[in-house]
Amino acid sequence: MSVAERFITHAVGNQVPPLGDTNLYQGDRVLREAIDREGAGWADAALAAFGAVAGGEMMACGFAANENRPKLKLFDRSGHRLDAVEFHPAYHRLMQLGMQHGVHAYAWRHADRAGAHVARAALFFMHYQADSGTCCPLTMTHAVVPALRHAPALAAEWLPRVGAFDYDARDLPAAGKGACTIGMGMTEKQGGSDVRANTTRALPQADGSYELVGHKWFFSAPMSDAWLVLAYAEGGITCFLMPRWRPDGSRNAIRLQRLKDKLGDWSNASSEAEFEGASCQRVGDEGRGVATILEMVSLTRLDCMTGSAGLMRQALVQALHHARHREAFGKRLVEQPLMANVLADLALEVEAATALAMRVARAVDARARDPAEAALARIATAIGKYWICKRAPAFVNEAQECLGGAGYVEESSLPRLYRQAPLNSIWEGCGNIQCLDVLRALAKEPETRAAFFAEVGAARGAHRALDAEVAWLAEALDDRATLEVRARRVVERMALMLQAALLLRAGNDTVAEAFCASRLGGQHGAAFGTLAPGPAIDALIERAAPAP
Ligand SMILES: Cc1cc2nc3c(=O)[nH]c(=O)nc-3n(C[C@H](O)[C@H](O)[C@H](O)COP(=O)(O)OP(=O)(O)OC[C@H]3O[C@@H](n4cnc5c(N)ncnc54)[C@H](O)[C@@H]3O)c2cc1C
């Protein structure tokens, strides 16, 4: 035996090969079916093109952008204020690829085609899998459009830059840029959910503009070219567009204080900021600020659910890949009956989340044309945002566990997905706020109740567990005295009903039956991996398997 051979400790074996590049669209059968069902099949080629980029180059950028966190640059070397944030090149590349494919604007460019919001939701679903942090400026840039239209002159000036399929990272006045990104400032130290507690003041100027004096406590994407911001004017809380640079070419009086040290979302920067007379323009009437900015928020809430569905899909892909290659006790993990149950149950959750997110995207898409879809969009956005975002942390933890110890190590990407998982349930209105919003919609806009029952009623008779749930809900909503304290339970069950109805109508009986039996019929435990034995387990794994 040579000296070298004497010191060989072991051969590396039973390790999982890298997943390699995949097409996040073509390789995702469940997503493709949902896109077809919800009327965006015409965008197949664009989605497949982005799917290849998102599942390839962007995956590598996602690692680099999160390993190299943004840095605050308050001053230049000579002491002049910059109030800037420096990002790693991988962040800029992610933004560039996302914007070149229209993750921020596809729905507006194709607004004349039914299903444009569905196609754009699919782009977002895929981008989120490669990197969630850059999805923050992308969702806000997408979502600003309806709110900005309340100020036609501003819209005429800004929307061409917002809608450009391009990325321009230069810190310059917007007028000199071909493409812009937009952020949003609502949350202050003394109140986030209750934005009426804002203390930022808007002082009117002789030329019709305003100056803002106050602060924002969570001010994400601080390198945006402009923000929609809430502040109190004389007529009440009002929405404003606050540009990064003043019209005269000087830096606006937006002082960044520090960056948040966040649990996750590391590629993206979130800041605290003070406004020392920051120049801005009014968007919508004085006193209508909450209603105006809610038009933006309703779209970012849809993205919260779409993003969380994408995050779960990516965690599932990693778990499936590992289980198909790793052996324990003489079999591949995927062949171990109990592991197969866990994977199938996770796959079932992704089927339901994807179906619901894309259905809500279609309702949002159709809302200008169809009042019933508008009512469904109103209530189902809050229901879906609550439930899908609430499922993500437990889901990612379970997917992580499928990888064993490797799932606790950064190289696997699961720790990053896990840190990201709680964000969407907090941002843009926490869980309770979503549940209360469902109750508000039901009380103030009775057409939302009709739209909900019509949607689940379309599957009436297809499964007795769903029929029973629908009957229960009608009574549960009528007991108004205790509705608020029961809101989480009620909204959770409404989400499950919507998901069940969608899967039943989607036409895969095995999937729909597994969902109804487990989520509605009581044949499920509190953890994933508790499906009843049956053919659904193999079928779900087969459907979820990522293809190159
Ligand atoms: C990473 C990250 C990025 C963010 N980026 C931005 C941004 O760019 N712009 C921005 O404006 N904000 C941003 N936010 C802020 C976020 O939207 C708020 O944190 C969120 O809306 C909650 O507000 P809050 O933190 O003030 O909590 P609070 O409003 O104090 O709420 C605390 C808890 O109380 C619950 N609660 C509140 N009212 C009720 C009630 N009536 N009944 C029952 N429960 C209730 C809430 O559900 C929540 O669970 C960001 C947050 C995070 C984590």
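Summary of the structure given here. This one's a predicted model, so the numbers in the text were calculated from it and none came from an experiment.

Re the packing of helix H4 (residues 57-67) against helix H5 (residues 89-100)
Item 1. Running from amino to carboxyl end, H4 crosses H5 at an angle of 145°, the nearest separation of the two axes being 8 Å. Between H4 and H5 the crossing geometry is left-handed. Between H4, through Glu57, Met58, Cys61, Gly62, Ala64 and Ala65, and H5, the contact on the second element is made entirely by Ala90, Tyr91, Arg93, Leu94 and Leu97.
Item 2. Looking at the contact of H4 with H5 residue by residue, the class counts come to eight nonpolar, one polar and two charged.

Examining the nonpolar core
Item 1. Counting residues in hydrophobic clusters, the biggest one holds 180 residues, and the most contacted among them are Met126, Leu228 and Met242.
Item 2. Setting aside its immediate chain neighbours within four residues, methionine 126 contacts Leu24, Tyr25, Leu31, Leu47, Phe50, Gly51 and Ala54.

Re the packing of aromatic side chains
Pairs of aromatic rings are described using the distance from one ring centre to the other and the angle between the two planes.
Item 1. According to the stated counting rule, one finds 10 aromatic pairs in the structure shown.
Item 2. Centroid distance tryptophan 42 to tyrosine 106: 6.3 Å. Interplanar angle 15°. Geometry classified as stacked. Here tryptophan 42 is found in the loop between helix H2 (29-37) and helix H3 (44-54), whereas its partner tyrosine 106 is found in helix H6 (residues 106-109), with 64 residues between them in sequence.
Item 3. Overall, the relative accessible area of 6% leaves tyrosine 106 in the buried class.
Item 4. For the pair phenylalanine 219 and tryptophan 227, a centre-to-centre distance of 4.9 Å together with 25° between the ring planes defines the contact as stacked.

Let's talk about the layout of surface pockets
Item 1. In this structure, the second largest pocket encloses a volume near 690 Å³.
Item 2. Looking at side-chain class alone, the lining of the second largest pocket contains 14 nonpolar, 13 polar and four charged residues.

Concerning the pairing of strand E4 (residues 201-204)
Item 1. Of the pairings in the sheet, the one linking E4 to strand E5 (residues 210-220) comprises four bridges and is antiparallel in character. Counterpart to arginine 201 in the pairing with E5 is valine 213.
Item 2. Between E4 and the antiparallel strand that follows it, E5, lie five residues; glycine 208 among them carries a positive phi value of about 95°.

Details of the site of the ligand
Item 1. For the ligand, the set of nearby residues contains 20 residues, the closest of which are Met186, Thr187, Gly192, Ser193 and Ser220.
Item 2. With respect to the ligand, the backbone of methionine 186 contributes an N or O atom lying 2.7 Å from an oxygen atom.
Item 3. Secondary structure elements with two or more residues in the shell around the ligand: strand E3 (182-185), E5, helix H14 (423-426) and helix H15 (431-444).
Item 4. Sort the elements by how many residues they give to the shell around the ligand and H15 lands first, with three residues.
Item 5. A breakdown of the residues in the shell around the ligand according to their chemical character gives nine nonpolar, nine polar and two charged.

Topic: helix H17 (residues 464-478)
Item 1. In this model, H17 (15 residues) spans 22 Å end to end at C-alpha, consistent with the 21 Å of a helix rising 1.5 Å per residue.
Item 2. Among the residues making up H17, those that are buried are Ala465, Leu466, Glu469, Val470, Leu473, Ala476 and Leu477. Down the axis of H17, the smallest arc covering the buried residues is 135°, so these residues share one side. In this structure, H17 carries Arg464 and Glu475 as exposed residues pointing more than 90 degrees from its buried face.

Description of the side chain of arginine 416
Item 1. Take arginine 416: it is sitting in helix H13 (residues 414-420).
Item 2. An unpaired buried charge is present at arginine 416: no salt bridge exists, and aspartate 131, the closest side chain of opposite charge, is 4.5 Å distant.

Observations regarding the pattern of salt bridges
Item 1. Per the stated rule, a full pass over the model turns up 37 salt bridges.
Item 2. Note that lysine 260 and glutamate 272 form a salt bridge whose closest N and O atoms lie 2.9 Å from each other. You can see lysine 260 sitting in the loop between strand E8 (254-259) and strand E9 (270-283) and its partner glutamate 272 sitting in strand E9, a full 12 residues away along the chain. Grouping residues by exposure puts lysine 260 and glutamate 272 together as buried.
Item 3. Close ionic contact of arginine 369 with aspartate 365 constitutes a salt bridge, the shortest N to O distance being 3.1 Å.
Item 4. You can call aspartate 365 buried: its relative accessible area is 9%.

The rules behind these values
- Residues numbered from 1 in each chain as written.
- Predicted model: local features only at pLDDT ≥ 70, side-chain atom pairs only at ≥ 80, totals over all residues.
- Heavy atoms only, no water.
- Axes fitted to C-alpha atoms, helices over the stretch in contact; angles between N-to-C directions.
- Helix = DSSP H or I, 4+ residues; strand = E, 2+ residues; numbered from the N terminus.
- Left-handed = near helix turned anticlockwise from the far one by under 90°.
- Contact = heavy atoms within 4.5 Å.
- Nonpolar A, V, L, I, M, F, W, Y, C, P; charged D, E, K, R; others polar.
- Core = buried A, V, L, I, M, F, W, Y, C linked by side-chain atoms within 4.5 Å.
- Buried < 20%, exposed > 50% of the residue type's maximum accessible area, 1.4 Å probe, protein only.
- Phe/Tyr/Trp six-rings, centres within 6.5 Å; stacked < 30°, edge-to-face > 60°.
- 1 Å grid on protein atoms, 1.4 Å probe; cavity = no way out; pocket = protein on both sides within 12 Å on 5 of 7 lines; lining within 4 Å.
- Points joined across faces, edges and corners; volume = space filled by probe spheres on them.
- Pairing = 2+ DSSP bridges.
- Near = heavy atom within 4 Å.
- Polar contact = N/O pair within 3.5 Å; in protein donor to acceptor, adjacent residues only side chain to side chain.
- Expected span 1.5 Å × (residues − 1).
- Arc of directions from axis to C-beta.
- Lys, Arg positive; Asp, Glu negative; His and termini not counted.
- Salt bridge = Lys/Arg side-chain N within 4 Å of Asp/Glu carboxyl O.

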